[in-house]
Amino acid sequence: MISHSPLLSQPLSHFLHLLLLPLFFTSVASQCKNPPIIFNFGDSNSDTGGLVAGLGFPVNLPNGRTFFHRSTGRLSDGRLLIDFLCFGNFVTDEGLRNALYIIDIGQNDIDDSFSKKMSYAQVTKRIPSVILEIENVVKVLYNQGGRKFWIHNTGPLGCLPQKLALVQKKDLDPIGCISDYNSAARIFNEGLRRSCERMKSQFSGATIVYVDIYSIKYDLIANSSKYGFLSPLTACCSSGGPPYNYDIRVTCGRPGYQVCNEGSRYVSWDGIC
Ligand SMILES: *[C@@H]1O[C@H](CO)[C@@H](O)[C@H](O)[C@H]1NC(C)=O
C-alpha cells in the first residue's frame with residue numbers, strides 16, 4: 001500500500017500509482033506439485049516485500065511475528081492471501097500464457113485523492129481514469145499472452161482505523177465507517193465491475209474474474225462478533241489506544257508502538273490494511 005510510505009506521500013501520477021508497486025513480483029516457495037505461475041500487481045494488501053526491496057521502506061517486527069517470526073516486508077503479522085496460493089518459479093512463453101495475473105489496485109488511488117483534500121465530487125471524478133489504467137494494463141498483459149486474470153475490487157476504505165483516526169470531519173455509517181470513503185470505494189468497484197464485463201467481451205479466450213473483496217471485508221466488520229473478532233475498527237498494531245488505536249506518529253514497528261496479543265482477533269493489523 002503506497003500510503004504506508006512517507007516517500008510516497010509526495011505527489012505521484014496515476015500512472016505511478018498503478019505501476020510502481022506492481023513491478024515487484026511476488027515469489028513464494030511452492031507447496032504444489034504443478035504450481036501455476038502467479039504475477040501479482042497490487043499494493044501492500046498483497047506485497048510480500050516490494051516496498052522494502054524497491055524503496056527501502058522500513059518494515060520491522062512485530063510485522064511477521066506469527067508465521068515467519070521475522071519481518072519479511074509483508075505489512076502483516078503473518079501470511080497474506082497470496083501466500084496461501086502456490087507458486088511456480090519458471091517463466092516461459094507457455095508460462096506467461098498459463099500464469100494467473102492478480103490485480104489488486106485502487107485503494108491507494110482513492111486514498112490519495114482524499115488525502116489531497118479533494119472534495120467527494122473531485123474524488124469520484126478521478127475514478128474512471130484509474131479504471132482505464134487498469135484496463136490498459138490488462139490489455140498489455142493479454143497482448144503478451146496472459147489469459148487468466150483475477151481482478152480484486154477495493155475494500156471498504158472508510159473502515160480502516162487509520163482513516164477513522166485521521167479524518168477530522170466524518171460522517172459515519174451504521175457500523176461506524178466513514179460513509180463517503182466507502183461510497184467512493186463502491187463507485188470505484190462498480191466501475192471496475194463494468195470494466196471487467198467489457199474486458200470479458202473484448203479479450204477473447206481470456207478468463208477474467210472480478211473478486212468482491214469489499215463485500216467480504218464489510219461482512220467481516222459488520223458481523224465481526226460472529227467471526228470471533230474483538231473490536232473490528234481497532235488496529236492491532238500501532239498506538240493511541242481505543243477506539244481506533246492508530247497514531248500516525250507511532251505506527252506498527254516504530255519505537256513506542258503497542259501490539260495486541262492475538263492478531264487473529266483483529267480485522268486490521270496495522271490500521272492501514
Ligand atoms: C451479516 O450477516 C447476516 C447473516 O448472515 C447477513 O445476512 C448480512 O448480509 C451480513 N452483513 C453484511 C454487511 O455482509
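Just above sits the structure.
In this text, all values refer to a predicted model and were calculated from it rather than measured experimentally. (Residues numbered from 1 in each chain as written. Predicted model: local features only at pLDDT ≥ 70, side-chain atom pairs only at ≥ 80, totals over all residues. Heavy atoms only, no water.)

Colleague: Account for the state of the cysteines, naming residues and giving values.
Modeller: Overall, the coordinates contain three disulfides when judged by the stated rule. Disulfide pairing is shown between Cys236 and Cys260; the S-S distance is 2.2 Å. Around the S-S axis, the bridge from Cys236 to Cys260 shows a dihedral of about -90° and counts as left-handed. You can see Cys236 sitting in the loop between helix 8 (213–222) and strand 5 (237–238) and its partner Cys260 sitting in the segment after strand 6 (258–259), a full 24 residues away along the chain. Of the residues examined, Cys236 reaches a relative accessible area of 1% and is grouped as buried. Across the disulfide, Cys237 is cross-linked to Cys252 (sulfur-sulfur distance 2.1 Å). The chirality of the disulfide connecting Cys237 with Cys252 is right-handed, given an S-S dihedral of about 85°. In this pair, Cys237 is assigned in strand 5 and Cys252 in the loop between strand 5 and strand 6, connecting sequence segments 15 residues apart. Both residues of the pair, Cys237 and Cys252, count as buried. The thiol of Cys273 is not disulfide-bonded; the next cysteine sulfur, from Cys252, is found 9.5 Å away. For Cys273, a relative accessible area of 15% translates into the label buried. (Disulfide = S-S within 2.5 Å. Helix = DSSP H or I, 4+ residues; strand = E, 2+ residues; numbered from the N terminus. Buried < 20%, exposed > 50% of the residue type's maximum accessible area, 1.4 Å probe, protein only.)

Colleague: Can you tell me about the packing of helix 5 (residues 120–143) against helix 7 (residues 179–202), naming the residues and giving the values?
Modeller: At their nearest, the axes of helix 5 and helix 7 sit 9 Å apart, and the two run at 30° to each other. Regarding the angle of helix 5 to helix 7, the classification is roughly parallel. In terms of crossing hand, the pair formed by helix 5 and helix 7 is right-handed. Listed contacts from helix 7 to Tyr120, Val123, Thr124, Ile127, Val130, Ile131, Ile134, Glu135 and Val138 of helix 5 are Asp180, Ser183, Ala184, Ile187, Phe188, Gly191, Leu192, Ser195, Arg198 and Met199. Taken together, the residues that form the contact of helix 5 with helix 7 break down as twelve nonpolar, four polar and three charged. (Axes fitted to C-alpha atoms, helices over the stretch in contact; angles between N-to-C directions. Parallel < 35°, antiparallel > 145°, perpendicular 65-115°, else oblique. Left-handed = near helix turned anticlockwise from the far one by under 90°. Contact = heavy atoms within 4.5 Å. Nonpolar A, V, L, I, M, F, W, Y, C, P; charged D, E, K, R; others polar.)

Colleague: How would you summarise the pairing of strand 1 (residues 38–42) if you had to cite specific residues and measurements?
Modeller: The element strand 1 is largely enclosed, with a buried count of five among its five residues. Side chains of strand 1 alternate between two faces, with Ile38, Asn40 and Gly42 and Phe39 and Phe41 buried alike. Pairing of strand 1 with strand 2 (residues 100–104), which is carried by five bridges, proceeds in the parallel orientation. Bridge pairing in strand 2 links Phe41 to Ile103. (Pairing = 2+ DSSP bridges.)

Colleague: I'd like to hear about unusual backbone geometry, residue by residue, with values.
Modeller: Here the residue pair Leu61 and Pro62 is connected by a cis peptide bond, since its omega of 10° sits within 30 degrees of zero. Position of Pro62 among the secondary structure elements: in the loop between helix 2 (50–55) and helix 3 (93–98). Cis geometry marks the peptide bond from Pro242 to Pro243, where omega comes out at 0°. Mapped onto the elements of the fold, Pro243 is located in the loop between strand 5 and strand 6. One non-glycine residue, His69, lies in positive phi territory at about 60°. For His69, a relative accessible area of 58% translates into the label exposed. The backbone of Asn245 sits at a positive phi, close to 50°, despite the residue not being glycine.

None of the figures reported here should be taken as evidence of function without further support.
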